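Observations on chain architecture
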Amino acid sequence: MSNEYQNILVAIDLSEDSRLVLKRAKEIAARNQEAKLSVVHTLEPLGFAYGGDIPMDLTSIQEQLDEHAHKRMAELIKDFDIPEENQHILVGMPDSETHRLAEENKVDLIVVGSHGRHGLQLLLGSVSSGVLHGAPCDVLAVRVGKDK
């Protein structure tokens, strides 16, 4: 069994910090005989975010968010040479969708951004912490934000 990573999944939030997370993942892929690199961003469903209490159809708003996410991802990853079939925008809970995608694609490393805040609950932030717990593989948290 090889100690090298062969299939890396980068979970991004589409912020400017995502570029640093992608850069680190690309460096790791290059050091591991050009490991496969995939990227995922998860949109939380609006009905879930608002508890379903809004008496209106949120479909068009969800579609606009999805369209914006695709455009933003394209901007962020244009310099990283990630094929379209390795770009994923999902709807659901970020941690569980990242875990599911990692399992389905036999990912051996998930790379996420971390703001490095202090305290146990703030150690990674809620999404990064959720990805870490229950991940089917190694997880690398890349320090991002003002505190890096």
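First, a word on what this report is: a plain description of the structure on this page. (Residues numbered from 1 in each chain as written. Predicted model: local features only at pLDDT ≥ 70, side-chain atom pairs only at ≥ 80, totals over all residues. Heavy atoms only, no water.)

Looking at the sheet that holds strand β5 (residues 138-143)
Read across the open sheet, the 5 strands follow the order β3-β2-β1-β4-β5; overall the sheet is parallel. The open sheet has two free edges, formed respectively by β3 (87-91) and β5, since each of these has just one partner strand. Between one strand axis and the next, the sheet turns through 25° on average, direction left out of account. Across 3 bridges, strand β1 (residues 7-11) lies against strand β4 (residues 109-114) in parallel orientation. Bridging from a neighbouring strand, I8 pairs with L109 of β4. On the sheet, helix α1 (residues 17-31) packs against β1, β2 (36-43), β4 and β5 and is oriented at approximately 175° with respect to β1. Where helix α3 (residues 59-77) meets the sheet, its contacts fall on β2 and β3, and the angle it forms with β2 comes to roughly 150°. (Pairing = 2+ DSSP bridges. Helix = DSSP H or I, 4+ residues; strand = E, 2+ residues; numbered from the N terminus. Axes fitted to C-alpha atoms, helices over the stretch in contact; angles between N-to-C directions. Contact = heavy atoms within 4.5 Å.)

Focus on α3
Look at α3: 27 Å from first C-alpha to last across 19 residues, which is about the 27 Å you get at 1.5 Å a residue. Taken as a whole, α3 has its buried residues at Q62, A69, R72, M73, L76 and I77. The buried residues of α3 all sit within an arc of 115° when viewed along its axis, so they share a single face. Exposed and oriented more than 90 degrees from the buried face of α3 are Q64, H68 and K71. (Expected span 1.5 Å × (residues − 1). Buried < 20%, exposed > 50% of the residue type's maximum accessible area, 1.4 Å probe, protein only. Arc of directions from axis to C-beta.)

What to know about the environment of I89
Note on placement: I89 falls in strand β3. Linking I89 and H41, residues 48 residues apart in sequence, is a C-alpha distance of 5.0 Å. Those residues in contact with I89 that lie beyond four places of it in its chain are H41, L43, D66, A69, H70 and M73.

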